Amino acid sequence: MRDFLREHSWAVVVSVLLHGLLVAGLVVAALNSVHRPPPSLQPLPIDAVVVDSQVFHAAQRAQAERAQQEAARARADAEAQAAAAAKSAEEARAAEDAKAAEQAREVEQAKAAQQAKAAEQAKEAEQAKAAEQAKAAEQAKAAEQAKAAAAEQQQRLIEAKKAAEAKQAAEAKQAAEAKQAAEAKVAADAKRAADDRARQDREAELRRQLADEEHRRAVESGPLRDSYIARLRNKIQGVWIKPPSASVGLDCLVEVTQIPGGEVTSARVTQCNGDAAARQSIENAVYRASPLPDPPDPALFERNFVFRFKPNE
């Protein structure tokens, strides 16, 4: 009823206002007709019927009663419509509640069925797992037995292989000992021969060194060395350019390094009574004299030698 009134409240209010306005209009019209002053004009002859005020008031009351009845009837209709709407809403809510209850019951039944199915599947899975574990245990046992048999076979093969290897090793050891003895004999013979050759080579080298040393001493003690050094000194003094600062009685020791062929690689004045210009001029003269003359005998060649530079002798 409240929902119906809430939905049709404006229609009810408008209807009541319209009826009230109609009644008010009739009342105002009646009052105006009663209190309006008569016209000042001369009355015309009118064929009219005089109505009593009581009759008029009775008509107004009847009209007001009809308006009230119409309003009551409208309120009754509105209340009936509101009641019907409320009943419809109640029935709809009841239907919705019944539908929700039915859906909840169906969901509960589906959930129970799903749980039962899940329990059945879990049971089947557990049984399958147990069967699989039993099968795996059986397979593991069979594999263990096969492994033990294979290990035993492998052990027999290893023992046989060890026996064969021991026999082969013994034969190889005998052959190696025989070969080692033969190689030791050959090595001993080769060592003796090498020792003999080395001894002969050492003796020959010693004899050659002794001969070279005797020849070198003989050459050095003879006139060839002095004449060779004199040739070197003369060639160097021949290309020497005397500096202005060189004094009379210049006496210097010069260390010379040469290579086979006479090319000078180093010249250095070690002791000298001259100044720096004199020292530099002597070293430059040694480089200008390069290559130096070849010695008349190879025993006279010295990579490093020292000679005395005295240009005024």
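Residues numbered from 1 in each chain as written. Predicted model: local features only at pLDDT ≥ 70, side-chain atom pairs only at ≥ 80, totals over all residues. Heavy atoms only, no water.

A.B. asks: So what exactly am I meant to see when it comes to the overall build of the protein chain here?
C.D. replies: Across its full length, the protein chain holds four helices and three strands. The helix and strand sequence of the protein chain, counted from the amino end, reads α-α-α-β-β-α-β. In the protein chain, buried positions account for 14% of the 313 residues. For the protein chain, the computed accessible surface area is about 23500 Å², with 57% contributed by carbon and sulfur atoms. (Helix = DSSP H or I, 4+ residues; strand = E, 2+ residues; numbered from the N terminus. Buried < 20%, exposed > 50% of the residue type's maximum accessible area, 1.4 Å probe, protein only. Areas by Shrake-Rupley, 256 points an atom, 1.4 Å probe, with all protein chains shown as cover.)

A.B. asks: Sorry if this is basic, but what is going on with the pairing of strand 1 (residues 252-258) here?
C.D. replies: Side-chain direction in a regular strand flips from residue to residue, so the side chains alternate between the two faces of the sheet. Buried residues dominate strand 1, accounting for five of its seven residues. Inspection of the sheet shows strand 1 paired to strand 2 (residues 264-272) by seven bridges, in the antiparallel sense. Bridged to cysteine 252 within strand 2 is cysteine 272. Turn length for the strand 1-strand 2 hairpin, with the two strands adjacent in sequence and antiparallel, is five residues, and the turn residue glycine 261 shows positive phi of about 110 degrees. Alignment of strand 1 against strand 3 (residues 304-309), held across six bridges, turns out to be antiparallel. Counted as the bridge partner of valine 256 is phenylalanine 305 from strand 3. (Pairing = 2+ DSSP bridges.)

A.B. asks: Looking at this structure, I do not really get the state of the cysteines. What am I missing?
C.D. replies: The bond known as a disulfide is covalent and runs between the sulfur atoms of two cysteines. According to the stated counting rule, one finds one disulfide in the structure shown. Here cysteine 252 pairs with cysteine 272 through a disulfide, and the sulfurs are 1.9 Å apart. A residue pair is termed long-range when its members are at least 10 positions apart, and cysteine 252 in strand 1 and cysteine 272 in strand 2 qualify at 20 residues. Judged by relative accessible area, cysteine 252 falls into the buried class, the value being 1%. (Disulfide = S-S within 2.5 Å.)

A.B. asks: Please explain the sheet that holds strand 2 as it appears in this structure.
C.D. replies: One open sheet accounts for three strands, arranged 2-1-3; its pairing is antiparallel. On the outer flanks of this sheet lie strand 2 and strand 3, each paired with one strand and no other. For this sheet, the mean angle separating the axes of adjacent strands, direction not counted, is 25 degrees. Helix 4 (residues 276-289) contacts strand 1, strand 2 and strand 3 of the sheet and is inclined by roughly 150 degrees relative to strand 2. (Axes fitted to C-alpha atoms, helices over the stretch in contact; angles between N-to-C directions. Contact = heavy atoms within 4.5 Å.)

A.B. asks: Looking at this structure, how should I read the pattern of salt bridges?
C.D. replies: Pairing is possible between side chains that carry opposite charge, provided their charged atoms lie close to one another. In total, this model carries 13 salt bridges according to the counting rule given. Two residues, glutamate 165 and lysine 161, come together in a salt bridge whose shortest N-O distance is 4.0 Å. Taken together, the residues glutamate 165 and lysine 161, both in helix 2 (residues 53-221) and four residues apart, mark about one turn of the helix. Taken together, the shared-partner salt bridges in this structure form one network comprising Lys185, Asp189 and Arg192. (Salt bridge = Lys/Arg side-chain N within 4 Å of Asp/Glu carboxyl O.)

A.B. asks: Help me out: how do you make sense of helix 4 in this one?
C.D. replies: Residues spaced three or four apart along an α-helix face the same direction, because each turn holds 3.6 residues. Between its terminal C-alpha atoms helix 4 stretches 20 Å, which fits the 20 Å expected from 14 residues at 1.5 Å a residue. Among the residues making up helix 4, those that are buried are Ala278, Ser281, Ile282, Glu283, Ala285, Val286 and Ala289. (Expected span 1.5 Å × (residues − 1).)

A.B. asks: How should the environment of lysine 242 be read in this particular structure?
C.D. replies: When you line up the elements, lysine 242 lands in the loop between helix 3 (223-238) and strand 1. Along the backbone, lysine 242 and alanine 277 are 35 residues apart, and their C-alpha atoms lie at a distance of 9.4 Å.

A.B. asks: What am I meant to see in unusual backbone geometry here?
C.D. replies: Peptide bonds are, in most cases, trans, and in most cases residues other than glycine have a negative phi. A cis geometry characterises the amide bond from serine 290 onward to proline 291, with omega recorded as 0 degrees. As for its position among the elements, proline 291 is in the loop between helix 4 and strand 3.

A.B. asks: When you look at the side chain of glutamate 283 in this model, what are you seeing that I'm missing?
C.D. replies: Mapped onto the secondary structure, glutamate 283 falls in helix 4. There is no salt bridge for the buried glutamate 283, and the closest opposite charge comes from arginine 279, which lies 6.5 Å off by N-O distance. Apart from the residues lying within four places of it in its own chain, the contact partners of glutamate 283 are Ala267, Arg268 and Val269. (Lys, Arg positive; Asp, Glu negative; His and termini not counted.)

Structural measurements only, silent on function.
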